[in-house]
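One-letter residues, chain by chain:
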Amino acid sequence: MLGSWSASGLAEGRRLVVVTRDATSPDPDLAAAAVWGLVRVAQAEYPGHIVLADADDSPESAAALRAARASGEPVLAIRAGTILVPRLTETGREEGGPGGEAVGTLDTRGTVLVTGGTGALGSVLARHLATHHSARHLLLASRRGEAADGVDALRAELADLGVSVRVAACDISDRAAVRALVTAADPPLSAIVHAAGVLDDGVLDALTPQRMAKVLRPKVDAAWHLHELARDLGLSSFVLFSSAAGLLGNAGQANYAAANAFLDALARHRAARGLPALSLVWGPWLHAGGMAGAVRHGPLAPVTDEQGLSLFDAALASPEPVLAPLLLDRAWNGPVPELLRGLLRRARPTAGTTSQEEGPGTWRRRLAPLPPGERLAALVEAVRAEVATVLGHAGADEVRLDRSFAELGLDSLAGVMLRNRLSTLTGLRLPATVAFDHPGTEQLAGHLLDLLGEALPQREHEALPQPEPGPVKSLIAPLYRRMSQAGQEVEAMRMLVVASMALPTFPSELRQAHALPPERLATGPGGTALICFPDFYPRVATGIYGRLADLFAGERDVYEIPYPGLSGGGVVPEDWHTLIDLHTETIQRHFGERPVVLAGYSVGGCTAQAVATRLTEAGTPPAGIAMIDTYHVTGENEAEQWLLGMPAHRAAQLGELFDELFDDTSLVAMGAYTRILRGWQPRPAGAPTLLLRAQDPLPYLGEHPPGGSAWPPPVDIVEVPGHHFQLITDRIGTTTSALRTWISTLP
Ligand SMILES: NC(=O)c1ccc[n+]([C@@H]2O[C@H](COP(=O)([O-])OP(=O)(O)OC[C@H]3O[C@@H](n4cnc5c(N)ncnc54)[C@H](OP(=O)(O)O)[C@@H]3O)[C@@H](O)[C@H]2O)c1
């Protein structure tokens, strides 16, 4: 079905919504789960074209489908009409599970069956079970059995450790063979680790029923046989080796993804029936051989044997039936799969660069200013660099122009990945076969230039006055800056506020999908963590708290919690309550019972106050709230020039550099945050509250309140030297000292 749709639907630019039933519920439909895994890969192969919604069968959920489709989320679940979006979260620290101290054990009193036990990870695990879990009876099963590579050495090593090993040649997708294996075990089985599997990668269009079955059999059929035939043996552990290919969707692995999604669902199915179950959704292992080399890494860092095995031990301590022992590559700067967005953010662009450099249609903008005669050469080099990337080469010069794609080793998967990249960079809708319809780099570049032709200026003199290629030229940023420079601060903010109505928003029900993790800026032994909320300005480089954090380094932990949509993305909360609920839950999740002081500079103080009140209402009040020159915004002053002059001041000061630093969407998001704050009034937060007030008046003309910033009682006010902007820059030393002194007085 997906194949026939891709032929027609893609060409017409349509979107397909695939609805599965109960594929991801706690007691899932196992077949639907396999389809879910397969569609995850289809989504990776046709980015932006497929929505995957897993619904229950309530009429409310059917009615919510339209809203689900409009949410812009590519993968979601609908339960009793409520839309849920999946995000992986860290687990186990509290209970001492993965990431914590405790390790679990496998019951090795009987025989432990390891399927795929002669493979790369199976044999590593067999040794580990002997050395760390005191296994004395191991049954290692694979089709080749004794004939598999390295079996003699493995057997000898295990024998030295006092283990009695039986290596069985058994196709575990064969039910009768599994029955014989399971019943003949002596002593009887006490645990099973199912690590058998095969790969047969290929793009969806190329997957035949035979290629699907080849990969499904050793995972799906085998796991089901093991589940049924060992059901009455009283096993203590039933561990399945699964892969992130299903969860995250790896292009080119639809069969493998379906198989692994089935394993995850089987673990839930067993757990729902009170049977032992643990499916481990592995990312890549560094281990040479086996499937490791075939797993693409993306934002997942490969685990060493030692890391993988200690994650295995930790996972055994958890009651969760499905865990993803993944190492995240914090330096990853590519796209982050939706499911990882609560844990990993794309590395922040620094000043002067923008994430749009590689964004949709980038190449059109790069080619437009070039004289027409130079465009083909430029495009050849650009295509060459992309071919190098998908082939895993270090640089474009490793792609010889006199070689065809076939000679260069471009397979169907690499072809699809290349098509996806080229579609994004050119802004053109390209067929999956585009790389194979043209023999090599130069011919493909020529074809793309023909397609782009109409979108590019045709005559040289039209091309010349164009500015340097680079980020999309912004419109709103220079307008906001010029109005600020002209003293029209109120109108400038009004423009951002009005424009912000066009930004996509997320409702309260979907807030968790937009949660951003706290970013640690400094570490120190102090028990109380300082959690800072910025003002509504899009962050540049280290942000406003970089220097404050440096001064607290070695003393206490300092974190910053960013606002969703403010730096890139532009999807903002629907209203202030949604934002405050989101931040409150982020703090509860990441800090638990730990004492925290919430701080906020300028309007960030309002956020700190509102979150503190919500935490107090939830029974977990913060140790204190520190506002750094925060003004109390009311219906009377919200449109005053002196108030709106604060954000405008930065624009006026930076001049044209401002236009480079801030993109339109981020600035409009600032307008959105200013808008949703309107009408909010603080209530006593039930925690000690400090206002660090700037001694000097705001450094621009215009009437402003005498005495400076103010906040409704109860609040301790401490005056610090400098004006509003200096408190967090030139005078940060005295600001930090005052804050430090106050924190030391807290109970
Ligand atoms: N390595 C990684 O980076 C990685 C990442 C994520 C998940 N995983 C998962 O971890 C498991 C082990 O991976 P690996 O890297 O160790 O792969 P591997 O070296 O290829 O091992 C797979 C094992 O499965 C056996 N096998 C395949 N079909 C079988 C069948 N029908 N009956 C019995 N045995 C069969 C193979 O032996 P025969 O060919 O002799 O049958 C082999 O011993 C797999 O389930 C994989 O999905 C691995």
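The shown structure was predicted, so the numbers you read here are calculated from the model rather than taken from an experiment. (Residues numbered from 1 in each chain as written. Predicted model: local features only at pLDDT ≥ 70, side-chain atom pairs only at ≥ 80, totals over all residues. Heavy atoms only, no water.)

A. Representation of the overall build of the chain within the structure. Within the chain, the regular secondary structure consists of 25 helices and 22 strands. Taking all 747 residues of the chain together, 54% fall into the buried category. Taking as baseline every contact in the chain between residues at least 6 positions apart, the subset at least 24 positions apart corresponds to 76%. Within the structure as shown, the chain displays about 31500 Å² of accessible surface, and the carbon and sulfur contribution to it stands at 53%. (Helix = DSSP H or I, 4+ residues; strand = E, 2+ residues; numbered from the N terminus. Buried < 20%, exposed > 50% of the residue type's maximum accessible area, 1.4 Å probe, protein only. Contact = heavy atoms within 4.5 Å. Areas by Shrake-Rupley, 256 points an atom, 1.4 Å probe, with all protein chains shown as cover.)

B. Spatial organisation of the packing of aromatic side chains. Tallied over the entire structure, the rule returns 13 aromatic pairs. Ring centres of Trp282 and Trp285 lie 5.0 Å apart, and the angle between their planes is 70 degrees; on these two criteria the pair is classed as edge-to-face. Here the two residues Trp282 and Trp285 agree in accessibility, since each one is buried. Each ring, one from Phe658 and one from Phe662, has its centre 4.9 Å from the other, and the planes form 45 degrees; the classification is tilted. Grouped by ring-pair contacts, the aromatic residues Phe241, Trp282, Trp285 and Phe312 constitute a single cluster. The ring of Phe238 has Arg270 sitting right over it, with the charged end atom 3.8 Å from the ring centre. (Phe/Tyr/Trp six-rings, centres within 6.5 Å; stacked < 30°, edge-to-face > 60°. Lys NZ or Arg CZ within 6 Å of the ring centre and 35° of its normal.)

C. Region of the structure containing the pattern of salt bridges. Following the criterion strictly, the structure yields 23 salt bridges and no others. The salt bridge partner of Arg273 is Asp27, with a shortest N-O separation of 3.0 Å. Of the two residues, Arg273 sits in the loop between α9 (254–272) and β10 (278–282) while Asp27 sits in the loop between β1 (16–21) and α2 (30–45), which places them 246 residues apart along the sequence. Residue classification places Asp27 among the partly exposed positions, given a relative accessible area of 38%. Because the salt bridges share partners, they merge into one network encompassing Asp581, Arg614, Glu617 and Arg683. (Salt bridge = Lys/Arg side-chain N within 4 Å of Asp/Glu carboxyl O.)

D. Up close: the sheet that holds strand β17 (residues 556–560). With mixed pairing, the 7 strands of this open sheet are ordered in space as β15-β17-β16-β19-β20-β21-β22. Whereas interior strands pair on both sides, the edge strands pair on one side only; in this sheet they are β15 (519–522) and β22 (716–720). The mean angle between the axes of side-by-side strands here comes to 25 degrees, regardless of whether they run parallel or antiparallel. When strand β19 (residues 596–601) meets strand β20 (residues 624–628), the two strands line up parallel, connected through 5 bridges. (Pairing = 2+ DSSP bridges. Axes fitted to C-alpha atoms, helices over the stretch in contact; angles between N-to-C directions.)

E. Up close: the sheet that holds strand β9 (residues 237–243). Spatially, 7 strands are ordered β7-β6-β5-β8-β9-β10-β12 in an open sheet, and the strand pairing comes out parallel. Whereas interior strands pair on both sides, the edge strands pair on one side only; in this sheet they are β7 (164–169) and β12 (322–323).

F. Just unusual backbone geometry, in detail. Asp186 connects to Pro187 through a cis peptide bond whose omega is -5 degrees. By the secondary structure assignment, Pro187 is in the loop between α6 (175–184) and β8 (189–194). Located in the positive-phi region is Ser134, a residue other than glycine, with phi close to 55 degrees. Here Ser134 lies in the loop between α4 (120–132) and β6 (137–142).

G. Focus on the site of the ligand. Among the 29 residues in the neighbourhood of the ligand, the closest are listed as Leu121, Arg143, Lys219, Tyr256 and Met291. A distance of 2.7 Å separates an oxygen atom of the ligand from a polar atom in the side chain of Arg143. In the model, an oxygen atom of the ligand is placed 2.9 Å from a nitrogen or oxygen of the Trp285 main chain. Contact with the protein chains covers 94% of the free accessible surface of the ligand, which is 880 Å². The set of elements that each furnish at least two residues to the shell around the ligand consists of α4, α7 (209–229) and β9. (Near = heavy atom within 4 Å. Polar contact = N/O pair within 3.5 Å; in protein donor to acceptor, adjacent residues only side chain to side chain.)

H. Seen up close, the pairing of strand β3 (residues 75–79). Here β3 lies mainly inside the structure; 5 of its 5 residues are buried. Burial of the side chains of β3 extends over both faces: Val75, Ala77 and Arg79 are buried on one face and Leu76 and Ile78 on the other. Here strand β2 (residues 50–55) runs beside β3; their pairing, made up of 4 bridges, is parallel. Across the sheet, the residue bridging to Leu52 is Val75, located in β3.

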